[in-house]
Amino acid sequence: MSRRVSGGRRSGNVRVWPWAPKGTERRGFGESEKARNLTDIMMSNELPFWQGSTPMALLDILEFPDPRLRTRAVPITTFDAALSRLIDDMFETMYAAPGIGLAASQVDVHRQLIVMDCSNDRSDPLVFINPEILARENVGVMEEGCLSVPGIFDEVERAQRVRVRAKDRDGKVFECELDGIRAVCLQHEMDHLDGKLFVDYLSTLKRDRIRKKLEKERRDRPAKPTSDEVPAGAALGR
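So, here is what we can say about the structure in this document. (Residues numbered from 1 in each chain as written. Predicted model: local features only at pLDDT ≥ 70, side-chain atom pairs only at ≥ 80, totals over all residues. Heavy atoms only, no water.)

**A short note on the environment of Asp89**
Position of Asp89 among the secondary structure elements: in helix α2 (residues 81-96). Judged by its relative accessible area of 8%, Asp89 is buried. Along the sequence, Asp89 and Leu59 sit 30 residues apart, while their C-alpha atoms lie 6.9 Å from each other. Those residues in contact with Asp89, other than ones at most four positions away along the chain, are Met56, Ala57 and Leu59. (Helix = DSSP H or I, 4+ residues; strand = E, 2+ residues; numbered from the N terminus. Buried < 20%, exposed > 50% of the residue type's maximum accessible area, 1.4 Å probe, protein only. Contact = heavy atoms within 4.5 Å.)

Structure follows, in structure tokens:
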């Protein structure tokens, strides 16, 4: 998931500020939390949290309307070094894009895996494997963007608080509650696991315009140099 700085929108009795100016407060779930500024995330020069470990690889992100994005992901059953390496590669790819969430489906690995970090300083990396939403609350509207639909932003209605059950990178089951941008990001990424994109919430006319715009941009884009790197899903047998 990608986001840009924008104004708030009133949803019911709650004014939802997707990205308020740094240092302000955002309310709406019976509590206040520091608003996060996407510009800080995008412009940060800090290194990822795994600095000093094995070098990671940047993965190719599929772009709409690539039909592979419509593939439904299957559960992960093997928790090994290959999976751990994929998770680290996905984090590096997400940070470099830059984005705040990435599903394995977006890098052509059709397994139920999501990485997220909605912090300003890359201090909150989250991994969700085989995620399942147990409860949803407080529907609101936020403007969303997507690394697979670059440069396009529009409003989507989603729950602003969720409870989720998932596994971590070691296969341990956990449950947690997410609210605000983290709740929206998780739902956005879980859509990818089901072969769905945020543009599917838009009108057919708007979606067709987006498709034509992105196809033209890809035709005009310089060709990428060839690479000998192993595809992201090779070790997982996609």
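**Section: unusual backbone geometry**
Note that the residue after Phe64, namely Pro65, is joined by a cis bond; omega there is 10 degrees. Look at Arg122: it is not a glycine, yet its phi comes out positive at around 60 degrees. Turning to its location among the elements, Arg122 is positioned in the loop between β6 (113-116) and β7 (126-146). Although it is not a glycine, Asn138 sits at a positive phi angle of roughly 55 degrees. Looking at the element boundaries, Asn138 is found in strand β7. With a relative accessible area of 38%, Asn138 lands in the partly exposed category.

**A few points about the environment of Cys185**
Residue placement: Cys185 occurs in helix α3 (residues 181-193). The buried category is assigned to Cys185, whose relative accessible area is 0%. Remark: the alpha-carbon pair of Cys185 and Glu144, spanning 41 residues in sequence, is separated by 8.7 Å. Contact partners of Cys185, with chain neighbours within four places excluded, come to Met1, Ile100, Gly101, Met116 and Cys118.

**Thoughts on the state of the cysteines**
Enumeration over the complete set of coordinates arrives at 0 disulfides. With no disulfide partner, Cys146 has as its closest neighbouring cysteine sulfur the one in Cys185, 9.9 Å distant. (Disulfide = S-S within 2.5 Å.)

**Let's talk about the sheet that holds strand β9 (residues 173-179)**
What the 5 strands build is an open sheet, ordered β5-β6-β7-β8-β9; its pairing is antiparallel. Pairing within the sheet leaves two strands with one partner each, and these edge strands are β5 (101-103) and β9. Pairs of neighbouring strands in the sheet enclose a mean axial angle of 40 degrees, with direction left out of account. When β5 meets β6, the two strands line up antiparallel, connected through 3 bridges. Bridge pairing links Leu102 to Val115 in β6. Along the sheet face, α3 touches β5, β6, β7, β8 (149-167) and β9 and points at about 115 degrees away from the line of β7. (Pairing = 2+ DSSP bridges. Axes fitted to C-alpha atoms, helices over the stretch in contact; angles between N-to-C directions.)

**A closer look at the nonpolar core**
Ile114, Met116, Phe128, Val162, Leu178 and Leu186 are the most contacted members of the largest nonpolar core, which totals 24 residues. No other element matches α3, which puts 7 residues into this core. The contacts of Phe128, once residues within four sequence positions are left out, are Gln112, Leu113, Ile114, Met116, Val164, Ala166, Lys167, Phe174, Cys176, Leu178 and Leu186. The next biggest cluster of nonpolar side chains, apart from the first, holds 18 residues, and it includes Phe91, Met94, Leu102 and Ala104. (Core = buried A, V, L, I, M, F, W, Y, C linked by side-chain atoms within 4.5 Å.)

**A word on the pattern of salt bridges**
A full pass over the atoms with the stated rule returns 22 salt bridges. Of the charged contacts in the structure, one is a salt bridge between Glu63 and Arg218, with a shortest N-O distance of 3.0 Å. Of this pair, Glu63 sits in the loop between α1 (38-43) and α2 while Arg218 sits in helix α4 (residues 204-220), placing them 155 residues apart in sequence. For Glu63, a relative accessible area of 18% gives the class buried. For Lys206, the salt bridge is made with Asp154, and the minimal N-O distance between the two is 3.0 Å. Of this pair, Lys206 sits in helix α4 while Asp154 is found in strand β8, placing the two residues 52 residues apart along the sequence. Residues participating in the shared-partner salt-bridge network are Glu132, Glu137, Arg161, Arg163, Arg165, Glu175, Glu177 and Asp179. (Salt bridge = Lys/Arg side-chain N within 4 Å of Asp/Glu carboxyl O.)

**Section: the packing of aromatic side chains**
Under the counting rule described, the total for this entry stands at 2 aromatic pairs. Between Phe91 and Tyr95, the ring centres sit 6.0 Å apart and the planes meet at 25 degrees, which makes this aromatic pair stacked. Highlighted residues: Phe91 and Tyr95, both in helix α2, separated by 4 residues, approximately one helical turn. We note that Phe91, like Tyr95, is buried. Ring plane angle 45 degrees and centroid distance 5.9 Å describe the contact between Phe128 and Phe174, whose orientation is recorded as tilted. In this pair, Phe128 is assigned in strand β7 and Phe174 in strand β9, connecting sequence segments 46 residues apart. Classification of Phe128 as buried rests on a relative accessible area of 1%. (Phe/Tyr/Trp six-rings, centres within 6.5 Å; stacked < 30°, edge-to-face > 60°.)

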